Amino acid sequence: MSPASRAARPADVVRVARRIRARVLRHTLSNNGGYLSQACSAAELLATLYLRVLRLGPSIAPAVPLPFPGPPGPLNPLSFTGAGYNGPRAPELDRFFFSPVHYALVLYAALIEVGRLDPRGLDLFNKDGSTVELIGAEHSPGHEVTAGSLAQCLSVAGGVALARRMRGEPGRVVVFLSDGELQEGQTWEAFAALAYRKLDNVLVVIDANAQQCDGAMSHVGCIEPLGARLAAFGARVAELDGHDPEALVAAAGQAPDGRPLVIIARTDPCRGVDLLRQRAPKLHYVRFKSADEAAAYRALLAAFDAAEVGA
Amino acid sequence: MNLVSRPHAGALVRFAKDHPELLVLSADLTASCEADDFRDAYPDRFVTLGMAEQNTVGFAGGLAREGFVPYFHTFAVFLTRRVYDQVAMSVAYPNLRVRLVGFLPGLTTPGGVTHQATDDVALMRALPNLTIVDCGDATDVESLLPAVHEVDGPVYLRLLRGQVPRLFPAGEPLRLGESRELSSGSDLVVLSGSVCTEQAIRAVRALERRGVSVAHRHVSTLKPFGDPELFATLAGARRGVITVENHSVIGGLGSATAEWMAGQGPGVKLVRLGVQDVFAQGASLPYLMAKHGLDARAIVRSAEDLLGGPLGVEPDELTADVTLPDEGRVEDL
């Protein structure tokens, strides 16, 4: 447990969330492309999880990520995961599993803003030979599972939770999930199994931003009514505003009752970057179409920077 | 014929006794995969998560990340085709100690194409980090678990169930990476696996009675495919090589042999017997083995082709009992 981070004040969460958005926006401008809307939806969620929910020790990984050591295998003793950025393993500590790894940029930004990753780490983003990959894999900072084929991470985390239960460990398994993954059948197999095994040491936080690659989720498939569906599967469901840190802290802090706890965090994929609304419903990946558009976003970044100075 | 009843059921319980890290995962086929005795003996180490193989493979990966060694028992088709991406990403990529224990390999079920794993070896061979082991008799089945337990990575197993013939002495366990020499010779090489080995033994005996010198090896470790004695045997083939497998001729034993022969081989013909790139149907094993040409008669026919003429083998010769006398049950080992 990191007493300093758990004692973070509400104002810290707000500031870190703003900085996550600013950092992802800056990166998106300098690369002319990025997963910006995911930063808008998830900034408060990740800031709150890292600062006020997760019980983690300090990072044990290099501040600037190491190069890719090659895939795990019998001939590669050097392979590693990025879990060290979330601190050491210990029975009383939580484990954090990040499933929608297309958001990796947002997680990297969050790790930087909570002091677990050096800002220079982001200079390695999507560079050949780097572990700071475009779509995160288990060697990427903050990642523990190769989750890019979506909906597999929750099952793996379930296995970890079962193992921790069998060993009597008090620490929780916290999974960050995207709502698009609720269209995959495996996700529902996993929820059924978590409930059947009474794994109430699992907390799932769903970033319900209602967006997916093709656009609005309601134009691709239907996962609603999500809360009722999850409850019918045996989960304990809390539905809240994903930009309200206090609500998330309260929901995540409920005493275990035998059911896996699932928080449906309703979020706005344009939150804090209203310009994005002009691009709706195609928000999955932002690449600026004109110099004028980039200039407008640059002006927004300047406003973020001014707010930072003011704060 | 010496048949051993449910050899895996007892072997699993015995092996698990001294391996507390061993868990059994099941997806609604517990008795069908001879894991029911384990379930009754070690209920706390038996994990059922419903008929949900994709999720179960993921749980297996998570449990293995925590130091347990999960043995996921179900039918081979459901450990391969049905969950290929899950096996690739949640188990094989991170090189986890998960054991995928597959039953009903190849044509060993009347359940039809939904239950016949005729492409499983091809699929699993394509995944890095996986070890693949096939079983040919009760001795293989009984000695399989200790042979693979220490492998520091995922293992895919093809198990035989029910009444399983004993072809190899109970005191000669399966050894990972080693093929079994069943006869030595220099005219032809026969490589066989799974239930085809029993057929190959019959065929080779008939050929030897006709003066044909045959080097016959039973191959259990299909990946890594690297037994030096097997390669030396192939290198010595004078008239040809026959592979016979309970699987498609694409991607299994025949393919692995062809790949080696193309690079290092002796420059003789290779005949690959097995399912010839077709789907099978629900029917008995003898019927299907005859229809798809992976029985003793097909092996003899291939030998005749390679040697250039008929050998006059009578059908009766190919149905004789080839199993060992009952020389002691495995409980006595």
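It should be emphasised that the depicted structure is a prediction, and the values quoted were computed from it without experimental measurement. (Residues numbered from 1 in each chain as written. Chains lettered and ligands numbered in written order. Predicted model: local features only at pLDDT ≥ 70, side-chain atom pairs only at ≥ 80, totals over all residues.)

**Student:** Even after reading the chapter, I still don't get the nonpolar core, so can you show me in this structure?
**Tutor:** One broad rule of soluble globular proteins: the nonpolar side chains tend to lie buried together. Residues I20, L46, V106, V175 and I263 of chain A together with I299 of chain B are the most contacted members of the largest nonpolar core, which totals 194 residues. For this core, the leading source of residues is helix α3 (residues 36–53) of chain A, giving 12 residues. When residues are assigned to domains, this core turns out to be shared by domain 1 (3–165) and domain 2 (180–318) of chain B, each giving three or more. When sequence neighbours within four positions are dropped, the list of residues in contact with V106 of chain A reads I20, V24, Y35, Q38, A39, A42 and L46 of chain A. (Core = buried A, V, L, I, M, F, W, Y, C linked by C-beta atoms within 7 Å. Buried ≥ 20, exposed ≤ 12 C-beta atoms within 10 Å, placed from the backbone. Helix = DSSP H or I, 4+ residues; strand = E, 2+ residues; numbered from the N terminus. Domains from an automatic or database assignment. Contact = placed C-beta atoms within 7 Å.)

**Student:** Mind showing me how you'd approach α3 of chain A here?
**Tutor:** Residues separated by three or four positions in an α-helix point in the same direction, a consequence of the helix having 3.6 residues per turn. All names here are of chain A. The first and last C-alpha atoms of α3 sit 24 Å apart over 18 residues, in line with the 26 Å expected at 1.5 Å per residue. Taken as a whole, α3 carries its principal kink of about 55° at A42. Taking burial as the measure, the 18 residues of α3 include 18 buried ones, the bulk of the element. (Expected span 1.5 Å × (residues − 1). Bend = angle between axes of the 7 residues up to and from the residue.)

**Student:** Quick question: what am I supposed to make of the interface of chain B and chain A here?
**Tutor:** Many descriptions give the size of an interface as the accessible area lost when the pieces come together. Each partner contributes residues to the interface: chain B has 25 residues there, and chain A has 22 residues. When residues of the side of chain B that touches chain A are traced back to their parent elements, those giving at least two are α3 (53–65) and α5 (84–92) of chain B. When the residues that make up the side of chain B that touches chain A are grouped by side-chain class, the tally is 10 nonpolar, 11 polar and 4 charged. (Nonpolar A, V, L, I, M, F, W, Y, C, P; charged D, E, K, R; others polar.)

**Student:** Just to check I follow, could you spell out the domain arrangement of chain B for this structure?
**Tutor:** Residue and element names in this part refer to chain B. The domain architecture assigned to chain B consists of domain 1 (3–165) and domain 2 (180–318). The distance between the C-alpha centroids of domain 1 and domain 2 comes to 27 Å. The partner domain 2 presents 27 residues to the 24 residues of domain 1 that form the contact. Where the side of domain 1 that touches domain 2 is concerned, the elements lending two or more residues are α6 (120–125) and β6 (131–134). Its residues assigned to classes, the side of domain 1 that touches domain 2 shows 11 nonpolar, 8 polar and 5 charged.

**Student:** What is the right way to read the sheet that holds strand β6 (residues 236–241) of chain A from this model?
**Tutor:** Strand pairing within a sheet occurs via backbone hydrogen bonds; the two strands may be parallel or antiparallel. All names here are of chain A. The strand order across the open sheet formed by 5 strands is β1-β2-β3-β7-β6, and the pairing between neighbours is parallel. The outermost strands of the open sheet, each flanked by one partner alone, are β1 (95–98) and β6. The sheet shows a mean angle of 20° between the axes of neighbouring strands, taken without regard to direction. Inspection of the sheet shows strand β2 (residues 173–178) paired to strand β3 (residues 202–208) by 6 bridges, in the parallel sense. Its bridge partner being in β3, V175 is matched across the sheet by V204. Sitting on the sheet, helix α8 (residues 245–252) is in contact with β3, β6 and β7 (261–266), with an inclination near 170° to β6. (Pairing = 2+ DSSP bridges. Axes fitted to C-alpha atoms, helices over the stretch in contact; angles between N-to-C directions.)

**Student:** Help me understand the environment of H27 of chain A, please; the structure alone is not making it clear to me.
**Tutor:** All names here are of chain A. Looking at the element boundaries, H27 is found in helix α2 (residues 10–31). On a C-alpha basis, the gap between H27 and L105 in space is 8.9 Å, while along the polypeptide they are 78 residues apart. Dropping the residues within four chain positions of it, H27 is found in contact with G34, L105, L122 and F125.

**Student:** Can you help me understand the sheet that holds strand β2 (residues 22–26) of chain B in this one?
**Tutor:** All names here are of chain B. Strand order in the open sheet formed by 7 strands is β3-β2-β4-β5-β7-β6-β12, and the pairing between neighbours is mixed. Because the sheet does not close on itself, it has two edges, and the strands there are β3 (46–48) and β12 (221–223). Strand-to-strand twist in this sheet, taken as the mean axis angle between neighbours without regard to direction, amounts to 25°. Inspection of the sheet shows β2 paired to strand β4 (residues 69–75) by 5 bridges, in the parallel sense. When the sheet's bridge partners are listed, L23 is paired in β4 with P70. Running over the sheet, α3 touches β2 and β4 and is turned about 165° from β4.

**Student:** What should I look at first to understand the pairing of strand β5 (residues 99–103) of chain B in this one?
**Tutor:** When a strand is regular, its side chains alternate between the sheet's two faces. Residue and element names in this part refer to chain B. Buried residues dominate β5, accounting for 5 of its 5 residues. Residues R99, V101 and F103 of β5 are buried on one face, and the alternating residues L100 and G102, pointing to the opposite face, are buried as well. Both β4 and β5 contribute to a ladder of 5 bridges, which runs parallel. Bridge pairing in β5 links T74 to G102. Pairing between β5 and strand β7 (residues 155–159): 5 bridges, direction parallel. In the strand pairing of β7, G102 is matched with R158.

**Student:** Could you clarify how one ought to interpret the packing of helix α6 (residues 185–196) of chain A against α3 of chain B in this entry?
**Tutor:** Relative orientation and spacing of two packed helices are given, respectively, by the angle between their axes and the distance between those axes. For the pair α6 of chain A and α3 of chain B, the least separation of the axes is 8 Å and the interaxial angle reads 65°. Classified by the angle their axes make, α6 of chain A and α3 of chain B are roughly perpendicular. In the packing of α6 of chain A onto α3 of chain B, the handedness of the crossing is right-handed. For the pair α6 of chain A and α3 of chain B, the contacting residues are Q186, E189, A190 and A193 of chain A in the first and Q54, N55, G58 and F59 of chain B in the second. (Parallel < 35°, antiparallel > 145°, perpendicular 65-115°, else oblique. Left-handed = near helix turned anticlockwise from the far one by under 90°.)

**Student:** I tried to follow unusual backbone geometry on my own but got confused; where do I start?
**Tutor:** Between A280 of chain A and the following residue, P281 of chain A, the backbone shows a cis peptide bond with an omega angle of 5°. Between K223 of chain B and P224 of chain B the backbone carries a cis peptide bond, its omega angle lying at -5°. In this fold, P224 of chain B is placed in the loop between β12 and α9 (228–235). Positioned with a positive phi, R6 of chain B is a non-glycine residue whose angle comes to about 45°.

**Student:** Would you mind showing me how to read the pairing of strand β13 (residues 240–248) of chain B here?
**Tutor:** Summarising burial for β13 of chain B: 8 of the 9 residues are buried, a large majority. In the classification by handedness, the crossover that spans β13 of chain B, the intervening helix α10 (residues 253–264) of chain B and the parallel strand β14 (residues 270–275) of chain B is right-handed. (Right-handed = clockwise from strand over helix to strand, strands pointing away.)

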